[in-house]
Amino acid sequence: MHSILITGASGFLGCYLCRTSPHQQAITALYHRHAVTALPLAAHTLDLGDAPRLQSFLLTCKPALIVHSAANSNLDDCEKRPQEARRLNVEATRLLAEYAGQHHARMIFISSDMVFDGSQGFYRENDPVHPISLYGTTKVAAEEPVRALCPNQLNIRTPLLYGRRRYGGTSFSHWLVNRLAQGVASPLFHDQDRTPIWVQDLAEAIWQLAALPFTGTIHLGGDNRIDRYQFGLELCRLAGYDASLLQRVSMNDVPSPAPRPVDVSLATDLARTVLHRRLLTTVDGMAHMVSDRLR
């Protein structure tokens, strides 16, 4: 039996990775502040920024596969606390990659569409990276040691995630659904394009890739490009919320510490070839999300 280590287990994606993990494998989950109590697996609390403790834990756990989803993904918080962001997003990733390379383990690193500057759109895996935020910069800096130190690795770049909040973490869609359900006006950008992906679809694709011999960088995004305002309109149509609560606003009208790219949509041709399937469109994924919410 091969052991699998999942970091960021209490986060939005991490919870889904734990829920959809291969049942025949021994799973160990790491979280920092929010305990993972609702899942039938071994869970441990660990600050990944504590290098000696992390190294000691890895030597004890001896994972054959590391799925590294832990990160500070809040763009504004990264700008405000750059040292902490680099410690978690870059240095912890480097230590995990070092272990994986030295012990012939497979490593899956969850990166981001924010490695691009947004001037082009439909980015392919070999397009030059050029982040404009500190968060994006940390993801670029973390991808490098994964590639350099761990031959059996995957750098998976992911976009905006949506779906039902299961056990922990948060998401744009969770924020939006709560506001619409309470009848609260919701400002949404109309001038930033992404390729959002339903978190369940993403988690299943990650585990499918984990079982394949593919290595390198790959983009996993939904099968269409959309802005947040259009996303909100589709959600209202499918779930029956009041679309008049949606406020169409520009990124330029909302001052924030972190700059936002205009179009970081991801091209997913490689993923379709490797996975032999298309990832869901926003409408299809959102229909699953709405159905999941009603159960």
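Here, the structure is the one placed above.
The written sequence of each chain sets the order in which its residues are numbered from 1. For a predicted model such as this one, the threshold for reporting local features is a pLDDT of at least 70, and the threshold for listing and counting side-chain atom pairs is 80 or more; totals across whole chains, interfaces and linings nevertheless cover every residue. Only hydrogens and water are set aside when side-chain values are computed; all heavy atoms of the structure are taken into account.

(A) The arrangement of the packing of helix α6 (residues 172-181) against helix α8 (residues 228-239) in detail. Structural elements are reduced to axes, namely lines fitted to C-alpha atoms, with helices fitted over the stretch in contact, and the angle between N-to-C directions of any two is expressed from 0 to 180 degrees. For the purposes of this entry, the term helix denotes a DSSP run of H or I that reaches at least four residues, the term strand denotes a run of E that reaches at least two, and both are numbered from the N terminus. At a minimum axis distance of 11 Å, the contact between α6 and α8 shows a crossing angle of 55 degrees. Taken together, the axes of α6 and α8 lie oblique to each other. As α6 runs across α8, the sense of the crossing is right-handed. Touching Phe172, Ser173, Leu176, Val177 and Leu180 of α6 are Arg228, Phe231, Gly232, Leu235 and Cys236, all from α8. Note on terminology: angles under 35 degrees are roughly parallel, angles over 145 are roughly antiparallel, angles of 65 to 115 are roughly perpendicular, and the others are oblique. The sense of a crossing depends on the near helix, which, turned anticlockwise from the far helix by less than a right angle, makes the crossing left-handed and, turned clockwise, makes it right-handed. By definition in these notes, contact holds between two residues if any of their heavy atoms fall within 4.5 Å.

(B) Layout of the state of the cysteines. Only a pair of cysteine sulfur atoms within 2.5 Å counts as a disulfide in this structure description. Enumeration over the complete set of coordinates arrives at zero disulfides. Summary of cysteine pairing: cysteine 61 is not part of a disulfide, and the nearest cysteine sulfur, belonging to cysteine 18, is at 13 Å. Cysteine 15 provides the cysteine sulfur closest to cysteine 78, a residue in no disulfide bond, and the two sulfurs are 20 Å apart. The buried label goes to any residue with under 20% of its type's maximum accessible area, the exposed label to any with over 50%, and the partly exposed label to all in between, with areas taken from a 1.4 Å probe on protein chains only. We classify cysteine 78 as buried; its relative accessible area is 0%.

(C) Molecular detail of the sheet that holds strand β6 (residues 153-158). In short, DSSP must find at least two bridges between two strands for them to pair. The strand order β3-β2-β1-β4-β5-β6-β11 describes an open sheet built from seven strands, whose pairing is parallel. The strands lining the two open edges of the sheet, one partner per strand, are β3 (42-45) and β11 (216-219). Each adjacent strand pair in this sheet contributes to an overall mean axis angle of 20 degrees, direction not counted. Judged from the four bridges that link them, strand β2 (residues 26-31) and β3 form a sheet pairing that is parallel. Opposite tyrosine 31, over in β3, you have threonine 45 as the bridge partner. The sheet contacts of helix α7 (residues 199-210) involve β1 (3-7), β4 (65-68), β5 (106-112), β6 and β11, and relative to β5 the element is tilted by about 145 degrees.

(D) Structural view of unusual backbone geometry. A positive phi angle, near 55 degrees, is found at lysine 62, a position not held by glycine. Tracing the sequence through the fold places lysine 62 in the loop between α2 (51-61) and β4. Classification of lysine 62 by relative accessible area gives exposed; the value is 57%. Even without glycine at this site, histidine 104 takes up a positive phi of about 55 degrees. Relative to the helices and strands, histidine 104 is located in the loop between α4 (82-102) and β5.

(E) Inspection of the packing of α4 against helix α5 (residues 134-149) at higher detail. Contact pair α4 / α5: the axes reach a minimum separation of 8 Å and the direction vectors enclose 15 degrees. In terms of orientation, α4 and α5 fall into the roughly parallel class. Where α4 crosses over α5, the two elements pack in a sense that is right-handed. Side by side, α4 and α5 meet where Pro82, Ala85, Arg86, Asn89, Val90, Thr93, Arg94, Ala97, Glu98 and Gly101 of the first sit next to Leu134, Tyr135, Thr138, Ala141, Ala142, Pro145, Val146 and Leu149 of the second. Class assignment for the residues of the contact of α4 with α5 results in eleven nonpolar, four polar and three charged. Here the nonpolar group is Ala, Val, Leu, Ile, Met, Phe, Trp, Tyr, Cys and Pro; Asp, Glu, Lys and Arg are the charged ones; every other residue, Gly included, is treated as polar.

(F) Focus on the packing of aromatic side chains. Within 6.5 Å between ring centres, the rings of Phe, Tyr and Trp (the latter by its six-membered ring) count as paired, and their orientation is classed by plane angle as stacked under 30 degrees, edge-to-face over 60, tilted in between. Throughout the structure, instances matching the rule amount to five aromatic pairs. Ring centres of phenylalanine 116 and tyrosine 123 lie 4.1 Å apart, and the angle between their planes is 10 degrees; this geometry places the pair in the stacked category. An identical accessibility class is assigned to phenylalanine 116 and tyrosine 123; each is buried. With centroids separated by 6.3 Å and ring planes inclined at 25 degrees, the aromatic side chains of phenylalanine 172 and tryptophan 175 adopt a geometry described as stacked. Note that phenylalanine 172 and tryptophan 175 are positioned in helix α6 at a spacing of three residues, about one turn of the helix. Judged by its relative accessible area of 9%, phenylalanine 172 falls in the buried class. Taken together, Tyr162, Phe172, Trp175 and Phe231 form an aromatic cluster joined through their ring pairs.

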